[in-house]
Amino acid sequence: MKVLVINAGSSSLKYQLIDMETEAVLAKGLCERIGIDGHLKHTPLVGGKPVFNEDIALPTHSEAIAAVIDKLTSAEYGVVASMSEIDAVGHRVVHGGEKFASSVRITDEVMKALEDCTPFAPLHNPANITGINACTAVMGKDVPQVAVFDTAFHQTMPAKAFTYAVPYEYYKNDGIRRYGFHGTSHRYVSARCAELMGKPIEELKLISCHMGNGSSICAIDGGKSVDTSMGFTPLVGLPMGTRSGDLDAGILQYLMNKYGMNIDEMLNVLNKKSGVLGVSGVSSDFRDLEDAHKKGNDRAGLAVDMFNYGVKKLIGAYAAAMNGVDAIIFTAGVGENDKGIRAMVCDGLEYMGVKLDPAANDVRGKEAVISAADSKVKVLLIPTNEELMIAMDTEALVG
Ligand code: ADP
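Below, the structure is looked at part by part. (Residues numbered from 1 in each chain as written. Predicted model: local features only at pLDDT ≥ 70, side-chain atom pairs only at ≥ 80, totals over all residues. Heavy atoms only, no water.)

## Description of the overall build of the chain
Reasoning step 1: Secondary structure assignment for the chain yields 14 helices and 14 strands.
Reasoning step 2: A compact globule built from 399 residues would reach a C-alpha radius of gyration of about 21 Å, and the chain, at 22 Å, matches this within 12%.
Reasoning step 3: Oriented by its inertia axes, the alpha-carbon framework of the chain measures out at about 60 × 55 × 45 Å.
Reasoning step 4: Expressed as a percentage of its 399 residues, the buried residues of the chain come to 50%.
Reasoning step 5: Expressed as a percentage of contacts within the chain between residues at least 6 apart in sequence, the contacts between residues at least 24 apart total 60%.
Reasoning step 6: With the model as given, the accessible surface of the chain reaches about 18100 Å², and the carbon-plus-sulfur share is 52%.
Reasoning step 7: The distance from the centre of the 38 positive side-chain charges to the centre of the 49 negative ones in the chain is 4 Å. (Helix = DSSP H or I, 4+ residues; strand = E, 2+ residues; numbered from the N terminus. Rg over C-alpha atoms; globule rule 2.2 N^0.38 Å. Buried < 20%, exposed > 50% of the residue type's maximum accessible area, 1.4 Å probe, protein only. Contact = heavy atoms within 4.5 Å. Areas by Shrake-Rupley, 256 points an atom, 1.4 Å probe, with all protein chains shown as cover. Lys, Arg positive; Asp, Glu negative; His and termini not counted. Charge placed at Lys NZ, Arg CZ, Asp CG, Glu CD.)

And the structure:
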């Protein structure tokens, strides 16, 4: 089976065509500036075909999907002979609310339920829905489509972990609770971790650290998410590239009154101008921060320290929540590439049996056990693969 995986944003659309027999990515690409002017980069990964990287008109997501199908099937850039070789489409959908605890085959009823979840993710879900509608318009209703949610994996959290200490009616009437995000990534790396450790996931207590531009930590007990650091939105938890992470809500009132900001302006500061960018004043990219710190920029060093400290505290908290931990997993841009941050996070966790092997930690972007042989808690680097997870769910549901 060949599955087209789509991750639609408001003005962009990422895709991969995956052959599930071999799990090989046949082609991948990115449509950008949809609704503005349009650009498509299409990279075939089999058959020695050239890369297509040009401006093309993309007035809506439908033209973007049509352009993707055109390139996937073209004589010059294609990897399949015709659209009929694409058996199913898997979509990343950000928010599934409490309605979706697992991936689901898309029907009219599911589309309605996705619309109902839109107020929870007003920027992301409409783009995901547009991507699904564009596929239906271009490929027809007969090609099965599946929605895979960032939130679904965390639906196993107990009420004590997902309830906010505000009047309970806000949960009952308005759905105010911790939902958590990055679920597809946490699910993928935890399953790989169990495979690499050669143990049933049901017997493992894992802490997954997804550290990228957006970051979240997840406690996974017996294969189930029992707590995670993102909340009602992806704004909270760790300090991130540009997002603040946790902060005292009283600060909002103080700053909004002092600077005459409305709530949208305040949230714009917290989403786009905060995190390690806000603290350092240098960049949201950890590579830039480490360079700046080496050149003597103390605020860049402070931003990285705050991030590491945040991860370390959550590891301690989640080990407490699960009464222990068998393995810690590092993944995503920072987790997969930055041995220094992995070392700093693990430094000081010896009390709970974490001992990194510096030589084994000297690795980037590939699966590896990076703890010492006598470390009670295993530490692993596992590159995430949300696209493959989406394709696997799609195959499982479409059959
Ligand atoms: P996203 O959350 O957008 O999916 P990624 O998981 O791709 O993000 O992570 C992107 C981030 O990873 C970059 O902003 C950068 O901070 C970090 N990163 C990427 N490569 C490296 C590297 N070699 N060393 C340190 N950090 C890196």
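## Digging into the site of the ligand
Reasoning step 1: As a structural note, the neighbourhood of the ligand is formed by G212, N213, G214, D285, F286, R287, A332, G333, V334, N337, D338 and R364.
Reasoning step 2: Here an oxygen atom of the ligand and a side-chain polar atom of D285 are 3.5 Å apart.
Reasoning step 3: Its free accessible area being 580 Å², the ligand has 68% of it covered by the protein chains.
Reasoning step 4: At the level of elements, helix 10 (286-294) and helix 12 (332-337) are the ones that each hand at least two residues to the shell around the ligand.
Reasoning step 5: It is helix 12 that provides the largest number of residues to the shell around the ligand, a total of four residues.
Reasoning step 6: Looking at the shell around the ligand residue by residue, the classes come out as three nonpolar, five polar and four charged. (Near = heavy atom within 4 Å. Polar contact = N/O pair within 3.5 Å; in protein donor to acceptor, adjacent residues only side chain to side chain. Nonpolar A, V, L, I, M, F, W, Y, C, P; charged D, E, K, R; others polar.)

## Structural notes on the side chain of D393
Reasoning step 1: In this structure, D393 sits in helix 14 (residues 386-398).
Reasoning step 2: When its relative accessible area of 12% is taken as the criterion, D393 is described as buried.
Reasoning step 3: Aside from chain neighbours lying at most four places away, what touches D393 is S103, V148 and R187.

## Overview of the pattern of salt bridges
Opposite charge on two side chains allows them to pair when their charged atoms are near.
Reasoning step 1: In this structure the tally under the stated criterion is 15 salt bridges.
Reasoning step 2: Between R33 and D37 there is a salt bridge, with the nearest N and O atoms lying 2.6 Å from each other.
Reasoning step 3: Connected via shared salt-bridge partners are K99, K112 and D116. (Salt bridge = Lys/Arg side-chain N within 4 Å of Asp/Glu carboxyl O.)

## Some remarks on the nonpolar core
Reasoning step 1: One finds I207, C209, V311, I315, I328 and F330 to be the most contacted residues of the largest nonpolar core, which totals 37 residues.
Reasoning step 2: Where this core is concerned, the elements lending two or more residues are strand 9 (205-211), strand 10 (215-221), helix 10, helix 11 (298-322), strand 12 (327-331), helix 13 (339-346) and strand 14 (378-381).
Reasoning step 3: Here the element with the most residues in this core is helix 11; it accounts for ten residues.
Reasoning step 4: Apart from residues lying up to four places away in sequence, I315 is in contact with I207, C209, I328, V345, L349 and M352.
Reasoning step 5: Among the nonpolar cores identified, the runner-up in size contains 28 residues, and L4, C31, Y77 and V89 belong to it. (Core = buried A, V, L, I, M, F, W, Y, C linked by side-chain atoms within 4.5 Å.)

## Side note on the sheet that holds strand 12
Reasoning step 1: Spatial ordering of the open sheet is given by 11-10-9-12-14-13, a layout of six strands whose pairing is mixed. Unpaired on one side and paired on the other, strand 11 (224-228) and strand 13 (368-369) mark the two borders of the sheet.
Reasoning step 2: Bridge count between strand 10 and strand 11: four bridges; the pairing is antiparallel. Counted as the bridge partner of C218 is T228 from strand 11.
Reasoning step 3: Seen against the sheet, helix 13 touches strand 9, strand 12 and strand 14 and runs at an angle of roughly 150 degrees to strand 12. (Pairing = 2+ DSSP bridges. Axes fitted to C-alpha atoms, helices over the stretch in contact; angles between N-to-C directions.)

## Here's the deal with the state of the cysteines
Reasoning step 1: Considering all chains together, one arrives at zero disulfides under this definition.
Reasoning step 2: This cysteine, C117, is not joined by any disulfide, and C135 carries the nearest cysteine sulfur, 19 Å off.
Reasoning step 3: C117 gets classed as buried once you look at its relative accessible area, which sits at 2%. (Disulfide = S-S within 2.5 Å.)

## A few points about the pairing of strand 10
Regular strands show a simple pattern: their side chains alternate between the two faces of the sheet.
Reasoning step 1: Within strand 10, six of the seven residues are buried, which leaves it mostly tucked inside the rest of the structure.
Reasoning step 2: Of the strand pairs in this sheet, strand 9 and strand 10 are connected by seven bridges, and their pairing is antiparallel. Its bridge partner being in strand 10, I207 is matched across the sheet by A219.
Reasoning step 3: With antiparallel pairing between neighbouring strands as the criterion, strand 9 and strand 10 make up a hairpin whose turn holds three residues.
Reasoning step 4: Counted along the chain from strand 10 to the antiparallel partner strand 11, the turn is two residues long, and its residue G222 has a positive phi close to 65 degrees.

## Focus on the packing of aromatic side chains
Reasoning step 1: Here the structure, examined in full by the defined rule, presents eight aromatic pairs.
Reasoning step 2: Relative to Y77, the ring of F52 has its centre 5.3 Å away and its plane inclined at 80 degrees; by these criteria the two rings are edge-to-face. Pair noted here: F52 is in strand 5 (residues 52-55) and Y77 is in the loop between helix 1 (61-73) and strand 6 (88-93), with a separation of 25 residues, a long-range link.
Reasoning step 3: According to the relative accessible area criterion, F52 is buried, its value standing at 6%.
Reasoning step 4: Taking 5.7 Å as the distance between ring centres and 80 degrees as the angle between the ring planes, the aromatic pair formed by F120 and F232 counts as edge-to-face. With F120 in the loop between helix 2 (108-117) and helix 3 (125-139) and F232 in the loop between strand 11 and helix 7 (250-259), this residue pair connects regions lying 112 residues apart in the sequence.
Reasoning step 5: An aromatic cluster is defined as three or more aromatic residues linked by ring pairs; in this entry it consists of F120, Y179 and F232.
Reasoning step 6: When the ring centre of F52 is taken as reference, the NZ or CZ atom of K71 above it lies at 4.4 Å.
Reasoning step 7: A cation sits over an aromatic face here: R177 above Y179, 5.0 Å from the ring centre. (Phe/Tyr/Trp six-rings, centres within 6.5 Å; stacked < 30°, edge-to-face > 60°. Lys NZ or Arg CZ within 6 Å of the ring centre and 35° of its normal.)

## Quick word on helix 13
Reasoning step 1: Residues I341, R342, V345 and C346 constitute the buried set of helix 13. Buried residues of helix 13, viewed axially, fall in a sector of 130 degrees; they line one side.
Reasoning step 2: Residues of helix 13 that are buried make contact with strand 9, helix 10, helix 11, strand 12, helix 12 and strand 14.
Reasoning step 3: For helix 13, the side-chain oxygen to backbone nitrogen distance between the N-cap and G340 is 3.1 Å, and the N-cap itself is D338.
Reasoning step 4: Of the residues one or two after helix 13, G348 is the one with positive phi, at around 100 degrees. (Arc of directions from axis to C-beta.)

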